[in-house]
Amino acid sequence: MILAVVQARMGSKRLPGKAVATLQGQPMILRQLERLRGARRLNKIIVATSSDAADDGLAGLVVSRGYAVHRGSGSDILDRIARCAEAAGPVSHIVRIKGDAPFVDPAVIDEAVRLAQVSGAAYTSNRVERTYPAGLEVEVITVEALRMAAAEVRDPLAMISPTAAIRERPDRFRQAHLKAHRDWSHYDWRVKTPADLAFARSIYDALHPADPGFSMHDVLDLVESHQDLGRFAA
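For clarity, every value in this text was computed on a predicted model and none was experimentally measured.

Looking now at the environment of Q117. Of note, Q117 is situated in helix α4 (residues 106-119). Note on Q117: relative accessible area 41%, which makes it partly exposed. Taking C-alpha positions, Q117 is 9.5 Å from V140, a pair spaced 23 residues apart along the chain. Residues contacting Q117, with those up to four places away along its chain left out, are I2 and R41.

Below, the structure written as structure tokens:
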């Protein structure tokens, strides 16, 4: 089984409650889940949030729309993700997706999963050797590697950045890298600030009504033809 885990919380210093900020009339987390359902190589999707009371509303919302939720440690995100695999049943790979990525592309996810399967790598991603816009990160990790990393003593940074313990050890965890045919890494489509949210809303308003499954290339076409919409990495 290929399990997608969407890591989301309500707490954010720069944009509190961003997971439920609306895009075309629906909370961002639901728009993201809507897009993930288009990925053909995913068998199941779970939202991983914390057991903190502040995330009660987020968990309730996701469950009310028919999606699975796992709640765990607010500080040890790797442990939270590893426990998602335990709760889901027999899982071969975890696909980790961040909750601030409303433009996540099902085709990119499918290609990353395909590469993970054919390469046999423990860790497959498009974030180590970056060519995709920020906000389209996909990490595909074998459950075996995830469990090994979660069982070890980790420094505080590795707890906050859950894949660091795997990603930064290519000598131990074999890696494969998904690259686009062009370098679009200067674009930043993550939603971390009010300005980022305004950008996401402008893109959704332009593209979603005609095609809810709009692709990365649709967004690229729009921002490259309307430079006032462009979002660039710092």
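After presenting the structure, the write-up continues.
Attention now moves to the layout of surface pockets. Reported here for the largest pocket is a volume of approximately 640 Å³. For the lining of the largest pocket, the elements supplying multiple residues, two or more each, are α3 (77-88) and β6 (93-98).

With 57 residues, the main nonpolar core has I29, L33, V95, F103, I109, W189 and I203 as its most contacted residues. Contact partners of I29, with chain neighbours within four places excluded, come to V6, A8, A19, V47, L58, L61 and V62. Grouped together as the second largest cluster of nonpolar side chains are 24 residues, C84, Y123, V143 and F173 included.

What counts and what doesn't
- Residues numbered from 1 in each chain as written.
- Predicted model: local features only at pLDDT ≥ 70, side-chain atom pairs only at ≥ 80, totals over all residues.
- Heavy atoms only, no water.
- Helix = DSSP H or I, 4+ residues; strand = E, 2+ residues; numbered from the N terminus.
- Buried < 20%, exposed > 50% of the residue type's maximum accessible area, 1.4 Å probe, protein only.
- Contact = heavy atoms within 4.5 Å.
- 1 Å grid on protein atoms, 1.4 Å probe; cavity = no way out; pocket = protein on both sides within 12 Å on 5 of 7 lines; lining within 4 Å.
- Points joined across faces, edges and corners; volume = space filled by probe spheres on them.
- Core = buried A, V, L, I, M, F, W, Y, C linked by side-chain atoms within 4.5 Å.

The values are spatial; any link to function lies outside them.
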